[in-house]
Structure formats: C-alpha cells, structure tokens
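Each chain, written out:
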Amino acid sequence: MRPVARIIAHVLATTAVVACGGKTVDIPDEGAGTPTPNPTTTTTTSPTTTSVPPTPTFPPTPPVPTTPPTCTTAPRVLRGDGCTDLVYHACGTPAGVDASDGLDSKECSLVCNTGTAKPNQYWGCSAYLLDDQPGPSFNCYTCIEGRRPEGYVEPIVDATVAGWLAHAADLERVSIDAFQILQRELTFHGAPKAVVAEAARAEADEIRHARMMGNLAVREGASLAPVAVVHRAPRALLEIALENAVEGCIRETYGAVVAGYQAEHASRVDVRKLMTSIYRDETAHAELAWSVHEWLMGKLSRDERAQVELAMHEAIAELAASAAVPVPWEQQDRLGLPASDDARKLVRGLRVHLFMRELAA
Ligand SMILES: [Fe+2]
Ligand SMILES: [Fe+2]
C-alpha cells in the first residue's frame, strides 16, 4: 500500500525534478501552415514546338486567380475523453497562435473552439505532435483536477478568478454524487465496511467543500448553474476500477497536491484558509482512492488489471501535458495556482513517487 499522504506532502515539500518522457511538444509546427501549392498556378508550359508557330487567333487566356485557394479542411476532434479533446488542425496553426511560448487563453480559444464538440468549455490547451498526422494538433482541456462521476457534464469555464472558483465549486458538488455512487457500488460488490464508511465520510467532506467553495465563488461574482448528475445501476468491477484509478488515484491525488500548493501560495487569505481545509480532506480522499484501488485490483483478472494500470499511466501523462498550460497571473496570485514550471514539477514528483514502488515504500 502506498503511503499516499506522505507522498503528497513530500511532493509539495520538494517538488522533485526528475526527467520523464512525454508526448507534448512545444512547437509541432514544422511545415504546418505552409500554403499548399496552387495547382491552378502551375499551368502547363507550352509544349516544345518546332514546326508550327502559334497563331494569334486563340481567344484570350482566362485570367489566373491571384489569390491562392485557402485550406478549407475544418479542425476536427481526433479523440476525446472526459478531460481532454485532441483537436487536429489540418490547415496548420491558426493565425494569431504561437505555440513556442505556450498557449494563452486567447490562443486556446482559437485552436479549441473551432469545429470542436464542446466550444467554450475549454480552460486551457497545449500543442501536441501526432506521429501519423502532418499538421499540428492541440490538447484542449476541460477538467480541473478532482473526482468526477460518470456522466458529468462540464460547465462553460470562464478564465477568471470567479470562473475558476465557480468551476471548482461545481466539481466539489459533483464529488458528492461521485462518493454516493462509490458507496453504493462498493456495497453492491461486497467491499469491506471500513472502506464504505470512509467513502461516506468523504461525501460529507464534499458537501462542506461545495458549500464553502460555492460561497466563495458567489462572493466573487460568479453564478452557479448546477446540472444534475444521473445515478445509474451499479457497474461492473472493471468499470469502477478504471474510474477510481483515473478520478481518484490520479486526479484526486493531484488535486490534494494542488490544494496544498494553493494553501501556501494564494495571496488571498480566504482562499488560503479554504484550501488548507480542502488539502487535508483531499489527502484523505486520495488515500481512500488507493485503498479502493487495492481492493478492486484483487478482484480483477490479469488483463483487467493491466487495463487499469494503463489508464492510470495515461491519466498522469495527461496531467503532465495539462501542467504545461500557462496559468493567468491573476489566478496564480490570488488563487495560488502553480505556474506551469511548478505544476510540471509537482506532476513529475507525483509520477515518480506513486509509480516507483521502491521510493514509495
Ligand atoms: Fe473536495
Ligand atoms: Fe475529494
């Protein structure tokens, strides 16, 4: 069993820098946006003639268009999951976007909000290079770390302090549903009573978080527009394990790290105070997620366990990519959110300590 609370505290204290692989790149723009040669301008040259000179009786040649045809292939979502849509721009990087120094909210709006499934629901993005596509692609993010239940509909996120608080309040609210569903499913599958009781405690924590975060968001001028989460019949163990691995073991664990960071760095006293409380509770939720993980893994087949492990590694790779997204200065300062350099260190530290058992033991 991983000493999760100790790992979270250690990552926060040291933000250890260890090199790791990743697929996100700074500038996948080589050759992208280069105008396609205009086939109409490469008109055939006159064939070499040696006998008959051209006559002046042909009608005038139609004028050649002076404007080359523009690329009209619309951006499209190559793949998407709960937190990230990968948007491919076949026509190259849009005008006004420079990925070499990261992508700000205006640039993300240009690359994420065109021809995509969830316009105006992305809070950040990063460039991404695909092996099998020549043009640039972009990861467009919809989630802030935390545990989201199945079927959660991401709200429209405003890139302001009030917008962040409103989104955080919404995630706290749906975490209540997530723990209600988890309790029901764990009970259905015969999980230990102590684990179910811990999930009930987590639900109570989330009720408190949702109220406090919601109050803070409303005081900041945000309006909350909650959408109800549908509770379905208990799912199979593999489905529960996949969700718990991604939403609990990875996202809630990282959520605890970020909450701890905010508790230290926010310039606003009310935010520091709230995040201190949330950090403590989210650390307990992360420990619960890993307890549930251990129990579930003991119930799964070898192939199913491999699927769960893979999902966790993909989730932390996604966190690593999202950590590269620039955070507006106002959010860094007032909310204490880590800038991308620190966020990357936090994710790296978490990755090392969660998955290198010899260090975590
Ligand atoms: Fe929470
Ligand atoms: Fe939580």
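Relevant structure appears above.
Calculation criteria
- Residues numbered from 1 in each chain as written.
- Chains lettered and ligands numbered in written order.
- Predicted model: local features only at pLDDT ≥ 70, side-chain atom pairs only at ≥ 80, totals over all residues.
- Heavy atoms only, no water.
- Helix = DSSP H or I, 4+ residues; strand = E, 2+ residues; numbered from the N terminus.
- Buried < 20%, exposed > 50% of the residue type's maximum accessible area, 1.4 Å probe, protein only.
- Contact = heavy atoms within 4.5 Å.
- Donors = N, O, S within 2.8 Å, 3.2 Å for Na, K, Ca; no water.
- Expected span 1.5 Å × (residues − 1).

Draft legend 1. Molecular detail of the environment of isoleucine 176. Relative to the helices and strands, isoleucine 176 resides in helix H3 (residues 161–188). Here isoleucine 176 falls in the buried class, since its relative accessible area comes to 15%. For isoleucine 176 and alanine 204, which are 28 residues apart along the polypeptide, the C-alpha to C-alpha distance reads 7.7 Å. Residues within four places of isoleucine 176 in sequence aside, it is in contact with Glu203, Glu206, Ile207 and Ala210.

Draft legend 2. Region of the structure containing the coordination of the iron ion (ligand 1). Within the protein, the atoms that donate to the iron ion (ligand 1) are Glu172 (OE), Glu206 (OE), His209 (ND1) and Glu282 (OE), at distances of 2.0 to 2.3 Å. Read from N- to C-terminus, the donor residues coordinating the iron ion (ligand 1) fall into the pattern E-x33-E-x2-H-x72-E. The metal-metal distance between the iron ion (ligand 1) and the iron ion (ligand 2) is 3.5 Å, with glutamate 206 serving as a donor to both. Taken together, the positions of glutamate 172 in helix H3 and glutamate 206 in helix H4 (residues 193–219) put the pair 34 residues apart, joining distant regions of the chain. Just as glutamate 172 is buried, glutamate 206 falls in that class too.

Draft legend 3. Main features of the coordination of the iron ion (ligand 2). In this structure, Glu206 (OE), Glu252 (OE), Glu282 (OE), Glu282 (OE) and His285 (ND1) serve as the protein donors to the iron ion (ligand 2), at separations of 2.0 to 2.7 Å. Read in sequence order, the donor residues coordinating the iron ion (ligand 2) give the pattern E-x45-E-x29-E-x2-H.

Draft legend 4. Region of the structure containing H3. Here H3 spans 40 Å end to end across 28 residues, near enough to the 40 Å set by a 1.5 Å rise per residue. Extensive coverage of H3 is indicated by the burial of 24 of its 28 residues. Positive backbone phi, at 75°, marks glycine 190, one or two positions downstream of H3.

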